[in-house]
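# Analysis of the macromolecular model
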Amino acid sequence: ATPVILDCDPGHDDALALLLAAADPRIELLAITTVAGNQTLDKTTMNARRICTAAGITGVPIAAGCGMPLVGELRVAPEIHGASGLDGPTLGEPTVPVVDEHAVALIHRILLDHPEPVTLVPTGPLTNVATLLRDHPEVAPKIREIVFMGGSTGRGNITPYGEFNVVVDPEAAEIVLRSGIPVTMCGLNVTHQALVTPDVLARFQRLDTDLARICIDLMTFFASAYENVFGLADPPLHDPIAVARVIDPSIVACVPAPVAVELDGTHTRGATVVDLHHRTAAPDNAGVAVRLDVDAFWDLVIGAVERLAPP
Ligand code: BDR
Ligand code: CA
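Residue positions are counted from 1 within each chain, in the order its sequence is given. Here chains are named by letter from A upward and ligands by number from 1 upward, in the order in which they appear as written. Only residues with pLDDT of 70 or above have their local features reported here, since the model is predicted, and side-chain atom pairs are shown and tallied only from 80 upward, although totals for entire chains, interfaces and linings are computed over all residues.

- By the naming in an unreviewed UniProt entry, the protein is Nucleoside hydrolase, taken from Plantactinospora solaniradicis.

See below:
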């Protein structure tokens, strides 16, 4: 199994990414770290604990990381994820604890201790990972790969050309993309192929378990938020795509390309500028996800929920 640390800001789609990472036998989930993004750090951490408690994920340490982006103010997304960051299902008080160690310190320690290089899967702003690379650059060889959800080859979501995770902390994304570590970007151009259709919801319904019902409540809230904000009836389930890429690279096809982050644009700060056709002299610095095997993706996600809570 591939050793993985999931760095997330739950978040509806982060919650599904977490279930997939915890359940799939091809991943050895070493830690769950949280970052401010969809909501403040206290809320995203609480939500990670709530989801782990609901799913019976007890053996994986959860650590809270950075509460603010490297530069500027935090921007949260209550219009998409609600006031709690995980509105929709009724989740009880968490029994799974948060460890008494900063997420960046925990990731650093795991990288040093683990016998093989570890894959980092960020599904929120890249603040924790950038802080790690800034403060401990010598651990880079212990990172096998960084597979993140964020950016886009085309249009954005929180701004016309900016995707949320990169817009919240563009300097962090820039540090990751310039790190020289193998980086894979799963952006909106591919995540918008993973739509929660009525057929997908019906498959969750057929599982007929409490965990499946929590997933349905999550995706139903998420769908109404996407309908309100974007006029999209079937919302894209972004974050599990990065996890799916680690589990089975054939599900998420990637091409190498130069990716830069716009740090200064008047209207485009946080946009990822992807030179898919190599029109500039910039060297390739990322694998860019371009195509999803939609059926295989949903089989993975639904299979994970079934494995965590058998019908
Ligand atoms: C990303 O932003 C967040 O709202 C989601 O959790 C996802 O990580 C999509 O742009
Ligand atoms: Ca997220």
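## Some points on the pairing of strand E2 (residues 27-34)
- Here exposure depends only on C-beta density: within 10 Å of a residue's C-beta, 20 or more other C-beta atoms make it buried, 12 or fewer make it exposed, and intermediate numbers make it partly exposed, the C-beta atoms being placed from the backbone. Where helices and strands are cited, they refer to DSSP runs of H or I of at least four residues and of E of at least two residues respectively, numbered from the N terminus. Burial of E2 is extensive: six of the eight residues sit out of reach of the surface.
- With seven bridges connecting them, strand E1 (residues 2-8) and E2 associate as parallel partners. Note that in E2 the partner of Asp 7 across the bridge is Thr 33.
- Throughout, right-handed denotes a crossover for which the path from the first strand over the helix to the second runs clockwise when the strands point away from the viewer. In this view, the connection linking E1 to its parallel neighbour E2 by way of helix H1 (residues 12-23) has right-handed handedness.
- Whether two strands pair depends on DSSP finding at least two bridges between them. By the bridge criterion, three bridges tie E2 to strand E3 (residues 62-64) in an arrangement that is parallel. Residue Thr 34 lies in a different strand from E3, and its bridge partner there is Ala 64.
- Note on the crossover from E2 through helix H2 (residues 41-55) to E3: the handedness is right-handed.

## Some thoughts on the packing of H1 against helix H12 (residues 294-308)
- Note on method: axes are straight lines fitted to C-alpha atoms, helices fitted across the in-contact stretch only, with angles between N-to-C directions ranging 0 to 180 degrees. Contact geometry for H1 and H12: axes closest at 9 Å, N-to-C directions at 70°. Accordingly, the angle class assigned to the pair H1 and H12 is roughly perpendicular. For the pair H1 and H12, the sense of crossing is left-handed. Listed contacts from H12 to Leu 16, Leu 19, Leu 20 and Ala 23 of H1 are Leu 300, Val 301, Ala 304, Val 305, Arg 307 and Leu 308.
- Side-chain classes are defined by residue name, with Ala, Val, Leu, Ile, Met, Phe, Trp, Tyr, Cys and Pro counting as nonpolar, Asp, Glu, Lys and Arg as charged, and the others, Gly among them, as polar. When the residues that make up the contact of H1 with H12 are grouped by side-chain class, the tally is nine nonpolar, no polar and one charged. For this classification, under 35 degrees means roughly parallel, over 145 means roughly antiparallel, 65 to 115 means roughly perpendicular, and everything else is oblique. Rotating anticlockwise by less than a right angle from the far helix to the near helix defines a left-handed crossing, while the corresponding clockwise rotation defines a right-handed one. Two residues form a contact once the distance between their C-beta atoms, set from the backbone, is within 7 Å.

## Some remarks on H2
- The span you would expect from a helix comes to 1.5 Å times its residue count less one. For H2, which comprises 15 residues, the first-to-last C-alpha distance of 21 Å matches the rise-based estimate of 21 Å (1.5 Å per residue) to within 8%.
- Among the 15 residues in H2, 13 count as buried, and that is most of the element.
- A positive backbone phi angle near 70° is found at Gly 56, which sits one or two residues after H2.

## Examining the site of ligand 1
- Lining the immediate surroundings of ligand 1 are 15 residues, of which Gly 11, Asp 13, Phe 164, His 238 and Asp 239 lie closest.
- If you list the elements that add at least two residues to the shell around ligand 1, you get H1 and helix H6 (164-168).
- Looking at side-chain class alone, the shell around ligand 1 contains four nonpolar, seven polar and four charged residues. Near residues are defined by distance alone, with the backbone-placed C-beta atom required to lie within 6 Å of the molecule or strand.

## Re the environment of Val 104
- Looking at the element boundaries, Val 104 is found in helix H4 (residues 103-113).
- Residues Val 104 and Ser 152, 48 residues apart in the sequence, show an inter-C-alpha distance of 26 Å.

## What about the nonpolar core?
- Each nonpolar core consists of buried Ala, Val, Leu, Ile, Met, Phe, Trp, Tyr and Cys residues. Their C-beta atoms, within 7 Å, join them into a set. Leu 18, Ala 21 and Val 176 are the most contacted members of the largest nonpolar core, which totals 100 residues.
- If we skip the residues at most four places from it in the chain, Ala 21 touches Val 4, Leu 6, Ile 27, Leu 29, Val 121 and Val 243.

## Some words on the sheet that holds E2
- Strand order in the open sheet made by the eight strands is E3-E2-E1-E4-E5-E6-E10-E7, with mixed pairing throughout. The sheet is open, and its two borders are formed by E3 and strand E7 (252-257), each paired with just one other strand. Strand-to-strand twist of the sheet, defined as the mean angle between neighbouring strand axes without regard to direction, takes the value 25°.
- Of the strands in this sheet, E1, E2 and strand E4 (118-122) are in contact with H1, which crosses E1 at around 165°.

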